[in-house]
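Chains, contacts and geometry: an overview
Below, each chain spelled out in residue letters.
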Amino acid sequence: MRVLVVEDEPLLADAIAEWLREETHAVDLAHDGEAALERIAVNDYDVVVLDRDLPRVHGDDVCRSLVASESDARVLMLTAAAQLDDRVTGLSMGADDYLSKPFAFPELAARVLALGRRSRPAAPPVLRRAGITLDPARREVFRNGRYVPLSKKEFAVLAELMRADGNVVSSEQLLEKAWDEHADPFTGAVRLTVLKLRRKLADPPVVETVPGVGYRIT
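Rules and cut-offs
- Residues numbered from 1 in each chain as written.
- Predicted model: local features only at pLDDT ≥ 70, side-chain atom pairs only at ≥ 80, totals over all residues.
- Heavy atoms only, no water.
- Pairing = 2+ DSSP bridges.
- Helix = DSSP H or I, 4+ residues; strand = E, 2+ residues; numbered from the N terminus.
- Contact = heavy atoms within 4.5 Å.
- Axes fitted to C-alpha atoms, helices over the stretch in contact; angles between N-to-C directions.
- Core = buried A, V, L, I, M, F, W, Y, C linked by side-chain atoms within 4.5 Å.
- Buried < 20%, exposed > 50% of the residue type's maximum accessible area, 1.4 Å probe, protein only.
- Parallel < 35°, antiparallel > 145°, perpendicular 65-115°, else oblique.
- UniProt positions renumbered as here; feature names shortened; annotations may be inferred.
- pLDDT = per-residue confidence, 0-100.
- Arc of directions from axis to C-beta.

This part covers the sheet that holds strand 7 (residues 132-135). The 4 strands are arranged 6-7-8-9 in an open sheet whose pairing can be described as antiparallel. At either margin of the open sheet sits one strand with a lone partner, and together these are strand 6 (127-129) and strand 9 (146-147). Relative to strand 9, strand 8 (residues 140-143) is paired through 2 bridges, and the arrangement is antiparallel. Residue pairing in the sheet places Arg143 in a bridge with Arg146 of strand 9. Those strands touched by helix 6 (residues 152-163) are strand 6, strand 7 and strand 8, and its axis lies near 110° from that of strand 7.

And the structure:
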């Protein structure tokens, strides 16, 4: 999943991003509301973790703008304001979930994962295709009953291909969902990751290259 973390405290923002990257998400950072709006305008996010009290553009206005744009991104509002009225206000302006500081990182990660599922067409929690079983929550992959150890990027790429259910996924789509905004589209990272993924999944081959288009699981 592609996640935007908007938090004006750099240490906390970095900690959240690092935790979510450990969960195999591609994470971008913004430290104020203006930077958040700029990233939202050019990137397709599944989830936005949004601090409410932001400089330049308030988090409430970022949330309203996101809702008005009819984006599919889900908003997890993250704030020190923990009173009931604050939570009701946040949810009423369009936030999908609300988490008060201080929080537990495992809970935040679980909420992000749940919101990410809601931002996509309904899919089973455990994905199965072509003898492959992928469990996003446990981050486990099996091929015909054999455990397949994957790196974070390999897992993220495979998850996107599995969610496509046999449809072609372009290299650009994989780059957007499995890498962050600093990824160089000309590095061949997607091609190399798919190559490693094929080797680990072993024969018979299941990841097909559609020339000039992308990849799919047959």
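Within the largest apolar cluster, 26 residues are counted, with the highest numbers of intra-cluster contacts made by Ile132, Leu134, Val157, Leu158, Leu161 and Leu201. Where this core is concerned, the elements lending two or more residues are strand 7, helix 6, helix 7 (171-178), helix 8 (189-201) and strand 11 (214-217). Top contributing element to this core by residue count: helix 6, with 7 residues. Once residues lying within four places of it in the same chain are set aside, the contact partners of Leu161 are Val169, Leu174, Val207, Tyr215, Arg216 and Ile217. By size, the runner-up hydrophobic cluster in this structure holds 21 residues, among which are Met1, Leu12, Leu78 and Leu99.

Glancing now at the packing of helix 6 against helix 8. Here helix 6 crosses helix 8 at 85°, and the two axes come no closer than 10 Å. In terms of orientation, helix 6 and helix 8 fall into the roughly perpendicular class. On the side of helix 6, the interface is formed by Lys153, Glu154, Val157 and Leu158, while helix 8 contributes Thr193, Val194, Lys196, Leu197, Lys200 and Leu201.

This part is about the UniProt feature "modified residue: 4-aspartylphosphate" (unreviewed entry) in the protein chain. The UniProt record annotates "modified residue: 4-aspartylphosphate" (unreviewed entry) at Asp51. A relative accessible area of 3% means that Asp51 is categorised as buried.

Turning next to the pairing of strand 7. Note on strand geometry: in a regular strand, side chains alternate between the two faces of the sheet. Two strands pair when backbone bridges link them, and strand 6 and strand 7 are joined in this way by 3 bridges, in the antiparallel orientation. Within strand 7, the position partnered with Arg129 by the bridge is Ile132. Where strand 6 folds back on strand 7, the antiparallel hairpin that results is connected by 2 residues, among which Ala130 adopts a positive phi of roughly 55°. In this sheet, strand 8 lies alongside strand 7 in antiparallel orientation, the contact comprising 4 bridges.

Per-residue confidence for the protein chain averages 88 on the pLDDT scale, and 91% of its residues sit at or above 70. Taken element by element, the predicted model of the protein chain shows its lowest mean pLDDT in helix 4 (residues 84-92) (70) and its highest in strand 3 (residues 47-51) (96).

Omega for the bond connecting Lys101 with Pro102 falls within 30 degrees of zero, at -5°, which places this linkage in the cis form. Structurally, Pro102 is set in the loop between strand 5 (97-100) and helix 5 (105-118). With phi around 75°, Thr24 is a residue other than glycine that occupies positive phi space. Mapped onto the fold, Thr24 is located in the loop between helix 1 (10-22) and strand 2 (26-30). Positive phi, close to 55°, is recorded for Arg139, a residue that is not glycine. Along the chain, Arg139 falls in the loop between strand 7 and strand 8.

The next point concerns helix 3 (residues 59-68). Along helix 3, the residues that are buried comprise Gly59, Asp60, Val62, Cys63 and Leu66. Looking straight down helix 3, one finds that the buried residues subtend no more than 160° of arc, so they occupy a single side. Those residues of helix 3 that are buried lie in contact with helix 2 (33-42), strand 3 and strand 4 (74-79).

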